[in-house]
Amino acid sequence: QLQLVESGGGLVQAGGSLRLSCAASGRTFISYAMGWFRQAPGKEREIVADISWGSGGVTRYADSVKGRFTISRDNAKNTVYLQMNSLKPEDTAVYYCAATMSSSIWSKYNYDYWGQGTQVTVSS
């Protein structure tokens, strides 16, 4: 069992930055791979980035955010982050963090636990 609590998000101008945080409960955070997802109005939820379980996690990014976003984790704090730079209006969405013990993590359907979501709005 895992609970995820998100923070961050808000309104930012195009070209600006935000950092999202997701704090996980329990002692088994290191056993979970973590992902960040987003969902814009009228669109399907899509994966933004993921990071493998444990220390020194391997990261992957959606093409739309590659080079602009960075996912990281601090296992001592049971927290995963999404640093978002050079934000664009098309990044506007509700952002979710999620956790899975699956080895196949580039799929929203394989995630077991989800945060509540946080709104990110990028103005033109």
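Keep in mind that this is a model prediction, so the values were computed, not measured.

So, how was this worked out
Residues numbered from 1 in each chain as written. Predicted model: local features only at pLDDT ≥ 70, side-chain atom pairs only at ≥ 80, totals over all residues. Heavy atoms only, no water. Buried < 20%, exposed > 50% of the residue type's maximum accessible area, 1.4 Å probe, protein only. Helix = DSSP H or I, 4+ residues; strand = E, 2+ residues; numbered from the N terminus. Pairing = 2+ DSSP bridges. Disulfide = S-S within 2.5 Å.

**Student:** How should the pairing of strand β11 (residues 118-123) be read in this particular structure?
**Tutor:** Successive residues of a regular strand alternate their side chains across the two faces of the sheet. Burial along β11 is one-sided: Thr118, Val120 and Val122 are buried, and none of Gln119, Thr121 and Ser123, which face the opposite way, are. Bridge count for strand β2 (residues 10-13) against β11 is four bridges, and the pairing is parallel. Each residue of the ladder has a partner; that of Gln13, found in β11, is Ser123. Of the strand pairs in this sheet, strand β9 (residues 93-100) and β11 are connected by three bridges, and their pairing is antiparallel. Bridging across to β11, Val94 finds its partner in Gln119.

**Student:** Hey, could you run me through unusual backbone geometry in this one?
**Tutor:** Glycine aside, negative phi is the norm for most residues, and most peptide bonds take the trans geometry. For Asn78, which is not a glycine, the phi torsion comes out positive at approximately 55 degrees. Relative to the helices and strands, Asn78 resides in the loop between β7 (69-74) and β8 (79-84).

**Student:** Would you mind showing me how to read the pairing of β9 here?
**Tutor:** Most of β9 sits inside the fold, with seven of its eight residues counted as buried. Pairing of strand β4 (residues 33-39) with β9 involves seven bridges; the strand directions are antiparallel. Looking across to β9, one finds that Arg38 is bridged to Tyr95.

**Student:** Where do I start with the state of the cysteines in this structure?
**Tutor:** When the sulfur atoms of two cysteines share a covalent bond, that bond is a disulfide. Evaluation of the coordinates by the stated rule reveals one disulfide. In this model, Cys22 is linked to Cys97 through a disulfide, with the two sulfur atoms separated by 1.9 Å. With the S-S dihedral at roughly 45 degrees, the linkage between Cys22 and Cys97 falls on the right-handed side. Within this pair, whereas Cys22 is found in strand β3 (residues 18-24), its partner Cys97 is found in strand β9, the two being separated by 75 residues in sequence. Pair check on accessibility: Cys22 and Cys97 agree, each one buried.

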